[in-house]
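So you can see what is in the structure, the chains are spelled out below.
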Amino acid sequence: MSTLLLEAERVKSYYHTREGTVKAVDDVSLDVENGIILGLAGESGCGKSTLMNTLMMKIRPPLYLVDGEIIVDGERISKMERKEIKKKIWGVKISLVPQSALNALMPTKRIIDFIRDVVKFHVDVSDGEIVSMARKRFEELNLPEDSLYLYPHELSGGMKQRAVIAISTLLNPKLLIVDEPTSALDVSTQKRVLKLLLDLKKFKIIDSIVFVTHDIAVLRQIADRLVIMYAGKIVESGTLEDVLSNPKHPYTAGLIHAVITPEPEIRKRGLVSIPGEPPNLINPPSGCRFHPRCLHAMPICKKVVPELVDISNGRKVSCHLVKS
Amino acid sequence: MLLKVKDLSKTFIVGLFRKKEIHAVRKVSFNIKKGEFISLVGESGSGKTTTSRMLLRLLKPSSGSVIFEGKDPWALHKIEDLKWYWKQVHGIFQDPFASFNPLYKVDRILYQTFNLLNVESDAEKEHLVKESLKEVGLRPEEVLGRYPHELSGGQRQRIMIARCYLLKPKLIIADEPISMIDASTRAGILKLFSDLRNNYETSVIFITHDLGLAYYVSDRIMIMHNGSIVEEGTPDEIMEHPKHHYTMRLKEDVPLLYRKWKGF
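Attention in this report is confined to the structure presented alongside it. (Residues numbered from 1 in each chain as written. Chains lettered and ligands numbered in written order. Predicted model: local features only at pLDDT ≥ 70, side-chain atom pairs only at ≥ 80, totals over all residues.)

## Some thoughts on the pairing of strand β7 (residues 203-208) of chain B
Residue and element names in this part refer to chain B. Let me state the cut-off plainly: Comment: burial labels come from other C-beta atoms within 10 Å of the residue's own C-beta, placed from the backbone, where a count of 20 or more is buried, 12 or fewer is exposed, and between is partly exposed. Every helix listed is a DSSP run of H or I at least four residues long, and every strand listed is a run of E at least two residues long, numbered separately from the N terminus. A pair of strands is labelled paired if DSSP reports no fewer than 2 bridges between them.
Counting buried residues along β7, six of its six residues qualify, which places the element largely inside the surrounding structure. Of the two faces of β7, the one holding Ser203, Ile205 and Ile207 and the one holding Val204, Phe206 and Thr208 are both buried throughout. Where strand β3 (residues 37-41) and β7 come together, five bridges link them in parallel fashion. Residue pairing for β7: Leu40 is matched across the bridge by Ile207.

Below, the structure written as structure tokens:
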């Protein structure tokens, strides 16, 4: 058993809003082992991004950590002061590239000046060292060094995304979380970003990656493990091959069937999408949250919340069909 | 022939003193028949959107011609003629969030179509709106009377397509209509375009960077690169025997579900 980089235990993080409490992450446990790429898939509004912010302890009202523990590389960050987390954890042990990363760079600063500010916040080094560090890293990752001296608006979308990823891993964090890094990019640029992520791991700059997306075909290319999330809960997890070739949860099967790629297998079975819309998390459905959209729903699904059970070697499913 | 596009070009001139010409679209020519579904595929910056804007009469071409049902849209000046063009040629855009005014209920965007239609009675209007929503798989009571932020991206894009069911245009130009929509609901939205074509013989120009999507719905695919159409063919021809090196690269870069990329 490899060591765990990140452990999240029964985490609940809710948004307290005027309309009510949004249970965006409801009782989620997640482990990230050393050396793997974990793919997290689910529809918009299923709590993927909230879960990532929670794992980072990037929690600001109206979002509250209601319950649960988060341990990153041996440190219990769910109990830490925000100030300490900012200085000692973010960027150093665990980095997050959020969905809006294309807007993360300062429009009025050249990339190198932005890097200088970021690095100085965490470690005490001279300007010269930072510049040589950044140049070396850009060279290693095959990014044009000239781009360090440009302003963000002078970079293309793909280049900006790659620069943000390079900057967030400058201090060699163990874990990198990327949230929909390629959704706004075209296929050729997307491939370059994915290659960069693999390079970061190959050169041992980072140990593990959590990749969040709604596109399973992308995960197929890079992930080792797959975690499927629906309406604030994890419904299935396992190795990529197991989950893709033999999905146990009807939602997972639906997600896989909804993939549209130019392949004979998919052409044969035709295009199918999951009927309905994801539920409102202020007032989620009783029992299994997927039951109103599920083709196999039974009476029990309406009443009892299925537990996430281990069916074999770390393959976990939460569905009443699997138990019976 | 419904639409004839010949040598369509657009050159943007940038800079104040040192002027630079950017050839966004270079001599693009193609024809569309009634009921034909064609896809325009290319990466960002290949000129797809500039082409679509010229077809929608939102951007004046630098040279070349667009002829729709024998008429040049740029020669239309009278309001009745323009209304005719807007009713016949309808655009659907990438960002279903930007198409709505956040201050108004979603009903407004549907009722606005009656400015182009001859419907007098309010009861008839309400009936047509409800029917169009049902056509696109929405329950009228779920969406009417709500504000855009209360709906998901997929629901919003469906409402935009409901407008097509009200207007029954002859040509729909859909510019990346599903790239901001969840993978789980993409197939359903894609099907709505096919349904329109099958039920009303609507012609569709589907603009996308994803060859995978184009493969399923099109009769014909055109590959666009650096402002020109570099290859054209049926989906099978393009996927199985791509000729242009850019098409080959595009095909290789599409992530697949059952095959892993080399070197990954």
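That shown, we press on.
## Some details on the environment of B:Ile229
All names here are of chain B. Where we set the bar: For the purpose of contact definition, each residue receives a C-beta atom placed from its backbone, and two residues are in contact when these atoms lie within 7 Å.
Along the chain, Ile229 turns up in strand β9 (residues 228-233). Ile229 gets classed as buried once you count the C-beta atoms within 10 Å, which come to 22. Taking the C-alpha atoms as reference points, Ile229 and Ser46, 183 residues apart in sequence, are found 9.4 Å from one another. The contacts of Ile229, once residues within four sequence positions are left out, are Val28, Phe30, Met222, Ile223 and Met224.

## Digging into the sheet that holds strand β2 (residues 20-32) of chain B
Residue and element names in this part refer to chain B. Operational definition: Axes, fitted as lines to C-alpha atoms, cover a helix only where it is in contact. Angles between the N-to-C directions of the axes lie from 0 to 180 degrees.
In space, the three strands of this open sheet follow the order β2-β1-β4, with antiparallel pairing throughout. Unpaired on one side and paired on the other, β2 and β4 (63-68) mark the two borders of the sheet. Shown here is a sheet whose adjacent strand axes are inclined to one another by a mean of 25°, direction ignored.

## Thoughts on unusual backbone geometry
A cis amide bond links A:Pro61 with the next residue in sequence, A:Pro62, at an omega value of 10°. Residue position: A:Pro62 is located in the loop between α1 (48-55) and β4 (63-72). A positive phi is found at A:Lys204, a non-glycine position, where the angle reads about 60°. Tracing the chain through its elements places A:Lys204 in the loop between α6 (187-202) and β8 (208-213). C-beta crowding within 10 Å serves as the criterion here: with 9 such atoms nearby, A:Lys204 is assigned to the exposed category. One non-glycine residue, B:Lys168, lies in positive phi territory at about 45°. One can find B:Lys168 in the loop between α6 (153-167) and β6 (171-175).

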